[in-house]
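Structure assessment
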Amino acid sequence: MTSLVADVDVLVVGAGITGIYQLYRAREAGFSVQLLEAGGGVGGTWYWNRYPGAQFDSESYTYAYLFSKDLFEEWEWREHFAHQPEIEQYLNHVVDRFDLRRHIRCGAKVSSATYDESSGTWTVVAGDDAKYQAQFLVAASGVLSVPHFPDVPGRDAFRGESYHTGLWPTDPVAFAGKRVAVVGTGSSGVQIIPEIADEVATLTAYQRTANWCTPLNNAPITSEEQAKLRADFDGMCQTLNTSTHGFLHQPHDRVTFDDSKEERREFYEKMWNGPGFTKLTSNYTDLLFDPAANAEWREFIAEKIRGIVEDPETAEKLIPKDHRFGEKRPPFVTGYYETYNRPNVSLVDLRKTPIERVTETGIETAEGLREFDVIVWATGFDFGTGALTRMGIRGRHGLALEDHWADGPKTFLGVQTSGFPNLFFPGGPHAAAGNNPRYNGDQVDFIIEMLVSLRDRGYDIIEVDPVAEQQWTNMVDTWATMPPSFGESSYYFGSNIPGKPRRYLLNSGGRPKFFKEIARARTNDYEAFKPSRSGSPPSPPHPAAAAGAP
Ligand code: NA7
């Protein structure tokens, strides 16, 4: 029998970077708060993705929390792009530094969340069979938190070790001297491949789609840089809190063909040698808009690949042929292409020879069977909606979130959906794209601002107007393929999950659109969120529930 463990104002789900911040802000605003986390520790993405080589590709100090200058001053990041162990240490430090751990329950995976119409509260049951009650439910469950395993025959038959990068065990995996397969060459695959290549006996990378990988250009942070970062904290916050993508990188001011061939070449070299996302944020302004501009940058990368990879056939396999730069989320790499020059590393092109089955001893393609001791599935996630639609969320009149979103997510500002009063999901679908903690943090700040305003005015229920939701969702869909280099090949559209509706899962208006809408929400007293009081006359059934959804 489930017992009531806590009755709080705010229940947060997920102890990732967004959930921890939500917990902190809710408590500082004077709400009673509890956080439930499925994992055995805090960190979210940085708890689960602990595979060798996992690291930031946003600059560490720009990804970190900015709400406390003291915290910023006392935590010294070692590298411009920190690796997972340091990130996990940092998030644990934050939790202890602000005495948040006593509000967090780990090993508590939410299995159901049910809205009660009469009280306007949520009842949540977690995996440890405990019951929680809350006025407000904030699902900070992440967009890349449900690992995707391909449906290949025999996957469970393999008798060796097998791991998904997004479900990596807390005990270290011993790779030394083993025959290892890595399936998938997205951001995770291209991080782990160079990291383990020198210790394994053999490494076989199974690639379905080659990616436009460019160097991360990581480096330790020197003491001069540390001092400069501290001295410029306020300026940095100002830039990060207002920039379109939440980075410090400055946009370029020229289009590609304003420059001569020589100038372009020099500029591309500068991009290639620049840090992480600058290849996207600071490249020529028409990179994603002018097909010829995009093609020229791609040709530059292709030349680089041919220059690094000694075997021409392998080099050609590694050069994408089916999508433009920026169409998919570009991975950033350290020594990735060089890894293919090692005699113990080989590449299988799954377009030519798809996986036919996994056997007890290895992976079989049309080329034959290769035997392995370890298979690493670096095959991605059910992006955007995966966690929310698996949480058993039931809104007004029993409406199931997975039914309400059967054709794709519908939200207003990526924070609420109609039919689910007092439910929020910062960092979920329809959030902006870029440096996650910055725009997810905007959403957390906005949610807290609304809850405080609600409390001050004696309201306890808030539910977004379906008209506002439809308008926001239309905006997302309409702008989704602008710039035109965006296509549906990316997991941004759910295209990696068989049967998933092809809908854009980010906020195509980005941060500027979000800022504009929250300014409007403020000036009209959060009208689009229809504040009300529990005990008021019941609202009519939501159209989807009335149409027969359970
Ligand atoms: P990604 O970027 O979704 O990459 C997954 C990889 O797995 C990608 O190469 C896929 O090929 C491949 N994949 C997926 N399904 C299959 C099947 N059925 N067969 C073969 N290969 C498959 O996930 P990551 O974990 O690398 O990165 C996720 C995010 O984490 C990343 O964007 C960063 O934000 C950090 P495909 O391209 O679909 O052909």
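Basis of the calculations
Residues numbered from 1 in each chain as written. Predicted model: local features only at pLDDT ≥ 70, side-chain atom pairs only at ≥ 80, totals over all residues. Heavy atoms only, no water. Helix = DSSP H or I, 4+ residues; strand = E, 2+ residues; numbered from the N terminus. Rg over C-alpha atoms; globule rule 2.2 N^0.38 Å. Buried < 20%, exposed > 50% of the residue type's maximum accessible area, 1.4 Å probe, protein only. Contact = heavy atoms within 4.5 Å. Areas by Shrake-Rupley, 256 points an atom, 1.4 Å probe, with all protein chains shown as cover. Lys, Arg positive; Asp, Glu negative; His and termini not counted. Charge placed at Lys NZ, Arg CZ, Asp CG, Glu CD. Pairing = 2+ DSSP bridges. Axes fitted to C-alpha atoms, helices over the stretch in contact; angles between N-to-C directions. Phe/Tyr/Trp six-rings, centres within 6.5 Å; stacked < 30°, edge-to-face > 60°. Near = heavy atom within 4 Å. Polar contact = N/O pair within 3.5 Å; in protein donor to acceptor, adjacent residues only side chain to side chain. Nonpolar A, V, L, I, M, F, W, Y, C, P; charged D, E, K, R; others polar. Salt bridge = Lys/Arg side-chain N within 4 Å of Asp/Glu carboxyl O. Arc of directions from axis to C-beta. Parallel < 35°, antiparallel > 145°, perpendicular 65-115°, else oblique.

1. Some remarks on the overall build of the protein
Along its length, the protein carries 18 helices and 18 strands. Its C-alpha atoms give the protein a radius of gyration of 24 Å, within 12% of the compact-globule value 24 Å for 550 residues. Taken over the C-alpha atoms alone, the protein extends approximately 70 × 55 × 45 Å along its principal axes. Looking at the protein as a whole, 56% of its 550 residues qualify as buried. Taking as baseline every contact in the protein between residues at least 6 positions apart, the subset at least 24 positions apart corresponds to 72%. Surface exposure of the protein reaches about 22100 Å², of which carbon and sulfur atoms provide 50%. One finds the centroid of the 54 positive side-chain charges in the protein at a distance of 2 Å from the centroid of its 73 negative side-chain charges.

2. Points about the sheet that holds strand E12 (residues 345-349)
The five strands lie next to each other as E7-E16-E8-E9-E12, forming an open sheet whose pairing is parallel. Only two strands of the sheet have a single neighbouring strand rather than two, namely strand E7 (161-164) and E12. Strand after strand, the sheet turns through a mean of 15 degrees between neighbouring axes, direction not considered. Here strand E9 (residues 202-207) runs beside E12; their pairing, made up of five bridges, is parallel. Within E12, the position partnered with Leu203 by the bridge is Val345. Sheet strands in contact with helix H6 (residues 187-196) are strand E8 (179-183), E9 and strand E16 (374-377), and its direction is about 165 degrees off that of E8.

3. Digging into the packing of aromatic side chains
Here the structure, examined in full by the defined rule, presents 45 aromatic pairs. On the basis of an interplanar angle of 70 degrees and a centroid distance of 5.3 Å, the ring pair of Trp75 and Tyr90 is categorised as edge-to-face. A residue pair is termed long-range when its members are at least 10 positions apart, and Trp75 in the loop between helix H4 (69-74) and helix H5 (84-97) and Tyr90 in helix H5 qualify at 15 residues. Of the two residues, Trp75 and Tyr90, both sit in the buried class. Arranged with centres 5.2 Å apart and planes meeting at 40 degrees, the rings of Tyr163 and Trp168 form a pair that is tilted. Owing to a relative accessible area of 17%, Tyr163 belongs among the buried residues under this scheme.

4. A look at the site of the ligand
Neighbouring the ligand are 18 residues, the closest being Thr185, Ser188, Arg208, Thr209 and Tyr491. For the ligand, an oxygen atom lies 2.8 Å from a polar atom in the side chain of Arg208. At 3.1 Å from an oxygen atom of the ligand is found a side-chain nitrogen or oxygen belonging to Lys328. In isolation the ligand exposes 770 Å². Once the protein is present, 84% of that is buried. Tallied by class, residues from the shell around the ligand come to six nonpolar, eight polar and four charged.

5. Some thoughts on the side chain of Gln34
On the secondary structure map, Gln34 appears in strand E2 (residues 33-36). At 3.2 Å, the side chain of Gln34 and the backbone oxygen of His103 are in polar contact. Setting aside its immediate chain neighbours within four residues, Gln34 contacts Ala6, Val8, Val10, Leu11, Val12, His103, Ile104, Arg105 and Tyr132.

6. Thoughts on the pattern of salt bridges
Per the counting criterion, the structure on display carries 33 salt bridges. Where Lys178 meets Glu161, a salt bridge forms, and the shortest distance between an N and an O atom there is 2.9 Å. Of this pair, Lys178 sits in the loop between E7 and E8 while Glu161 sits in strand E7, placing them 17 residues apart in sequence. For Glu161, a relative accessible area of 25% corresponds to the partly exposed category. Linked by salt bridges that have partners in common, Arg265, Glu269, Glu303 and Lys304 make up one network.

7. Some points on helix H8 (residues 233-242)
All of the buried residues in H8 are Phe233, Met236, Cys237 and Leu240. Along the axis of H8, the buried positions cluster into a sector of 100 degrees, meaning they face one direction only. Exposed residues lying more than 90 degrees from the buried face of H8 are Asp234 and Gln238. Contacts made by the buried residues of H8 are with helix H3 (60-63), H4, helix H7 (223-231), helix H15 (436-456) and helix H17 (510-523).

8. Overview of the packing of H15 against H17
With their axes 11 Å apart at the nearest point, H15 and H17 run at an angle of 10 degrees to one another. The angle between the axes of H15 and H17 places the two elements in the roughly parallel class. Here Arg438, Tyr439, Asp442, Gln443, Phe446 and Glu449 of H15 come into contact with H17, specifically with Arg511, Phe514, Phe515, Ile518, Ala521 and Arg522. Class assignment for the residues of the contact of H15 with H17 results in six nonpolar, one polar and five charged.

9. A word on unusual backbone geometry
Of note, the phi angle at Asp525 is positive, near 60 degrees, even though the residue is not glycine. By the secondary structure assignment, Asp525 is in the loop between H17 and helix H18 (543-546). Backbone geometry at Lys530 places phi at a positive 40 degrees, although glycine is not the residue there.

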